[in-house]
Structure formats: structure tokens, C-alpha cells
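Structural description and commentary
For reference, the chains in residue letters:
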Amino acid sequence: MIMSDLHVPFFRPSITDDEIGEVVKCMKSGWLTTGPNAIEFEKEFEALYDDGIHAIAVNSATAALHLGLEAMGISEGDEVIVPTLTFTATAEVVRYLGANPIFVDIDRETFGIDLDAIRAAITPKTKAIMPVHFAGRACDMTALRALADEHGLKILDDAAHALPTHHNGKLIGDIGADATAFSFYANKTMTTGEGGMLVTRNADIAARARVMRMHGIDRDVFNRFTDTKASWMYDVVAPGFKYNLTDIAAAMGRVQLRKIGDFQAARERLVKRYKSAFADLPVTLPADAADGDTHSWHLFIIQINGDAAMDRNELVAHLKKNNIGCSVHYRPLHQMTLWSIGNGGNKFPNADAYFEGCISLPLFMDMSDTEQDRVIDVVSKALLG
Ligand SMILES: *Cc1c(COP(=O)(O)O)cnc(C)c1O
């Protein structure tokens, strides 16, 4: 194959015979929905942390975010502070509960939520803050916790990009937040196809989320069929949701979970290669983790400077022509039709400036050096002109 024919996808999940074998075993077992695999998956997730943490497996991070806010008591008319630079799911779950997402700008260097902007956005109606560990770089959860405590606010962090991300030596999920949502969507740092996990040290939040995950029923389905009590002897205590994770997905997740450290190391190695290859390009490279933190490197995002030979949209088109996948994370929410309504007058200069030049380049666990060299070659020649 000649070099220029090499197709490099934006992302390719890392699936081996181990995941396939466990999924097949589950399918042959006769138990497909939430059951022994989901229960073990939760226990294994809890084992990433010190004792006393609760992990609640669900069918998406969106579900985990919704359950987290619901369990915190967010309701009609409340305000929840959300960075404008995130996926729409972070904001939409606030709306599910009749509350209002209040958008704030990002920090120009870390792409994380800006603390001064949060301070300026707090009103008597504010109930919670939803930081996003953007691209996998930890927000300053220590400062966020202090700010939240000052104002009696809850923190639900969107950790869809952040497995494994550490802050001050602790894995995200048990540092500074009241609850945390992880995603196992197909292109995240580990995957179950679709899936998510709500993590919390708060027993009340955990108990409420477990009930609401499953129609407001006070016992899990699996227990219903294994307990000695009649399976129909359950009670319904709230109008809950249908957010449980299948055992097929959990079987895959259990194998992926064992590899998150290796996955992170593989991505970090590739990021170092990208960074040294791009050191002299007219681009702004993404910030490394703060001292003592780990960056999951879910995404590798460069911002194209004004003096480059191509702008962002031209580079996207050029990469496509060269058979290289890429993406843009994200068009800020305040620029979207839905979310612009009611945000009139508010300005988000950092997110707007970021969006002008940002492009996410291919980065995945099994990316070969040959694939990466192809990306480096095409991007370098394009931007230097
Ligand atoms: C992927 C993603 C989500 C949603 O995750 P799902 O598991 O697809 O629901 C939420 N927030 C951010 C920042 C994401 O990247």
C-alpha cells in the first residue's frame, strides 16, 4: 500500500477476543439484561476507589447525569452552572428536571470551566455546578469544591472524557464532587457500545439513583428473580426511568475496565509523539495535566493559529481528502439554536476563540506509529503551506 492510500480513522475501539468471548458467554448463559455481569462490573468499578464508594451502572452517561441531578433534588426553576464548551447532554439533563442550565465560559488554557465565570453566574437560584473534565484534563476539583461549599452548591462532574483521570493523586469520581458520571459510548476511553456509570460516596444519592434507574422499583430486577420472595412482590415508589445496563454490555465493560491503565499509557505515548512533531507548527498544543494529575487524553485537540497556511475548516476538508478522520469538539452550546435562547447578552469570548481554530486529530489505543506518522505528515505540510 502506498502511504497516501492509508486510511486513518478518527477513532477505532480496541476490541479483542477477550471482549468477544465474554459477550458470547453472556449470550449463551440465558441472562441478557441486568444481572450477574452488571453487578460484578459495578463491584470492579468500585474497587478502583477506596472503600465506601457506590458505582451504579446505567445505559449512558446521559442517564448517569440525569440520575445524579435528580438524586440531588434539582427541580423546577433551579439553576445549574454548565460550561458552554461541552456536549449538549450536560445541559439537556438539567432541562429534563425543569431546571435551567446557566452557561459559563472556559479557561483559555485548560478548556475547563472558568472559576471566576462561575462566581459571576451564581444567583440565589443556583443549586449545582457541572464541571466537565474536557478532553480528559482534570478540572481543579479542590478549588471547585471550596467555591461550591462557600455557596452551598452540589457538584456533579461530567467525566465522560475522564477515565482514567486523576486530580491530586485521586481518580476522578472521588475527588471534590458529590457525584460523577462516566461514559462508555463507542468512542470513549473504554466502551460497552453504549453505557455509563454514576459514582458517588453519598449513600442517599446512590440509593435514589438505584431506584430511579429501574422504574422507581425498590428492588433490582435480578434480585426479583433470585430472591425467595415472589418476583411480583415489589413496590413502586416513584415514576422512575429505564436506565439499566444490559449484562451483554457489562460483560464487555468488565474486560475493558481491566485495560484502562494500558489504554491511557498508549494514548499518552501517542500524545507525546504528536506534541514533539508539532512543536514548530503554527498551532497551540493542548495543555498537559497539572503537576500530580493524570490526563486521560480522550481527545488530542490542536488550535490552529491565524498565521497557518490553512484555517480549521480548510484543514478538515484537506484531511478528508487525504483519507484521514478528524472531528471538532465542540461548537459551544451558546451558539446552538436551543441553547442560545435565554442566553442573550452573555458573552463567551474564550469558548468562541477556541472554537474558531480547534480540531481533534485521530487518537486511539491501537493507533500504529505508521498511522500517526501519516497524520503528522499531512497536517504539518498543510499548515506550513
Ligand atoms: C459522550 C459525552 C456525554 C454523553 O455520554 P453518553 O454515554 O453518550 O450518554 C456527555 N458529556 C460529554 C462531555 C460527552 O463527551
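Residues numbered from 1 in each chain as written. Predicted model: local features only at pLDDT ≥ 70, side-chain atom pairs only at ≥ 80, totals over all residues. Heavy atoms only, no water.

The helix and strand tally for the protein chain stands at 14 helices and 12 strands. Relative to the compact-globule value of 21 Å for 385 residues, the protein chain shows a C-alpha radius of gyration of 21 Å, a close match. The principal-axis extent of the C-alpha atoms belonging to the protein chain is close to 70 × 55 × 40 Å. The long-range share in the protein chain, meaning contacts at least 24 apart out of those at least 6 apart in sequence, stands at 72%. Considering the protein chain, the positive charge centre built from 37 side chains and the negative charge centre built from 51 side chains are found 4 Å apart. (Helix = DSSP H or I, 4+ residues; strand = E, 2+ residues; numbered from the N terminus. Rg over C-alpha atoms; globule rule 2.2 N^0.38 Å. Contact = heavy atoms within 4.5 Å. Lys, Arg positive; Asp, Glu negative; His and termini not counted. Charge placed at Lys NZ, Arg CZ, Asp CG, Glu CD.)

Turning to helix H1 (residues 17-29), a few remarks are in order. Relative to the 18 Å expected for 13 residues at 1.5 Å per residue, H1 spans 18 Å between its end C-alpha atoms, a close match to the ideal helical length. Every buried residue of H1 is accounted for by Glu19, Val23 and Cys26. Relative to the axis of H1, the buried residues are bounded by an arc of 60° and lie together on one face. Opposite the buried face of H1, at more than 90 degrees from it, the exposed residues are Asp17, Lys25 and Lys28. For H1, the elements touching its buried residues are helix H2 (36-46) and helix H9 (247-257). Phi turns positive, to about 95°, at Gly30, one or two residues after H1. (Expected span 1.5 Å × (residues − 1). Buried < 20%, exposed > 50% of the residue type's maximum accessible area, 1.4 Å probe, protein only. Arc of directions from axis to C-beta.)

Bringing the packing of helix H10 (residues 260-277) against helix H14 (residues 369-384) into the picture now. It is at 11 Å that the axes of H10 and H14 come closest, and there the two elements cross at 30°. With respect to H14, the element H10 is oriented roughly parallel. The crossing of H10 and H14 is right-handed. Residues Arg269, Leu270, Arg273, Tyr274 and Ala277 of H10 touch H14, and the partners they reach there are Asp369, Gln372, Asp373, Val375 and Ile376. Grouping the amino acids of the contact of H10 with H14 by side-chain chemistry returns 5 nonpolar, 1 polar and 4 charged. (Axes fitted to C-alpha atoms, helices over the stretch in contact; angles between N-to-C directions. Parallel < 35°, antiparallel > 145°, perpendicular 65-115°, else oblique. Left-handed = near helix turned anticlockwise from the far one by under 90°. Nonpolar A, V, L, I, M, F, W, Y, C, P; charged D, E, K, R; others polar.)

Taken together, 3 strands build an open sheet; the order of strands is S10-S11-S12 and the sheet is antiparallel. The open sheet has two edge strands with one neighbour each: strand S10 (283-284) and strand S12 (358-361). Here strand S11 (residues 300-304) pairs with S12 via 4 bridges, running antiparallel. If you follow Phe300 over to S12, its bridge partner there is Leu361. (Pairing = 2+ DSSP bridges.)

Attention now goes to the side chain of Gln256. Position of Gln256 among the secondary structure elements: in helix H9. A polar atom in the side chain of Gln256 sits 2.9 Å from the backbone nitrogen of Thr191. Ignoring any residue separated from it by four or fewer positions in sequence, one finds Gln256 in contact with Ser14, Ile15, Glu19, Met190, Thr191 and Phe263. (Polar contact = N/O pair within 3.5 Å; in protein donor to acceptor, adjacent residues only side chain to side chain.)

Turning to unusual backbone geometry, a few remarks are in order. Note the cis peptide between Leu163 and Pro164, where omega equals 0°. Tracing the sequence through the fold places Pro164 in the loop between strand S5 (154-158) and strand S6 (166-167). Of the consecutive residues His329 and Tyr330, the connecting peptide bond is found in the cis state with omega at -15°. When you line up the elements, Tyr330 lands in the loop between helix H11 (312-321) and helix H12 (337-340).

Attention shifts here to the domain arrangement of the protein chain. For the protein chain, the assigned domains are domain 1 (17-258) and domain 2 (261-384). Here domain 1 and domain 2 have C-alpha centroids that lie 26 Å from each other. With 34 residues of domain 1 at the contact, the number on the domain 2 side is 32 residues. Across the domain 1/domain 2 interface, buried area totals approximately 3000 Å², and carbon plus sulfur atoms make up 58% of it. It is Phe103, Arg108 and Arg137 in domain 1 that bury the most area against domain 2; as a group they hold 21% of the surface buried on that side. Between domain 1 and domain 2 we count 0 salt bridges in total. (Domains from an automatic or database assignment. Buried area = accessible area lost by both parts, 1.4 Å probe. Salt bridge = Lys/Arg side-chain N within 4 Å of Asp/Glu carboxyl O.)

This brings us to helix H3 (residues 61-71). By the criterion of burial, H3 is predominantly enclosed, with 10 of the 11 residues buried. Sitting at the head of H3, Ser60 places a side-chain oxygen 3.3 Å from the backbone nitrogen of Thr62. Just beyond H3, the residue with positive phi is Gly73, at close to 85°.

As for its placement among the helices and strands, Ile129 is situated in strand S4 (residues 126-129). Between the alpha carbons of Ile129 and Val80 there is a distance of 5.7 Å; along the sequence they are 49 residues apart. For Ile129, the contacting residues outside a window of four places in its chain are Ile81, Ile113, Ile118, Leu144, Ala148, Leu153, Lys154, Ile155 and Leu156.

Once that is clear, we can look at the nonpolar core. The biggest cluster of nonpolar side chains holds 77 residues, and the ones touching the most others in it are Met130, Phe278, Phe300, Tyr354, Leu361, Val379 and Leu383. Counting contributing residues per domain, this core is built from domain 1 (17-258) and domain 2 (261-384), each supplying no fewer than three. In contact with Leu383, not counting residues within four places along its chain, are Leu281, Pro282, Val283, Ile304, Ala308, Ala309, Met310 and Leu315. (Core = buried A, V, L, I, M, F, W, Y, C linked by side-chain atoms within 4.5 Å.)

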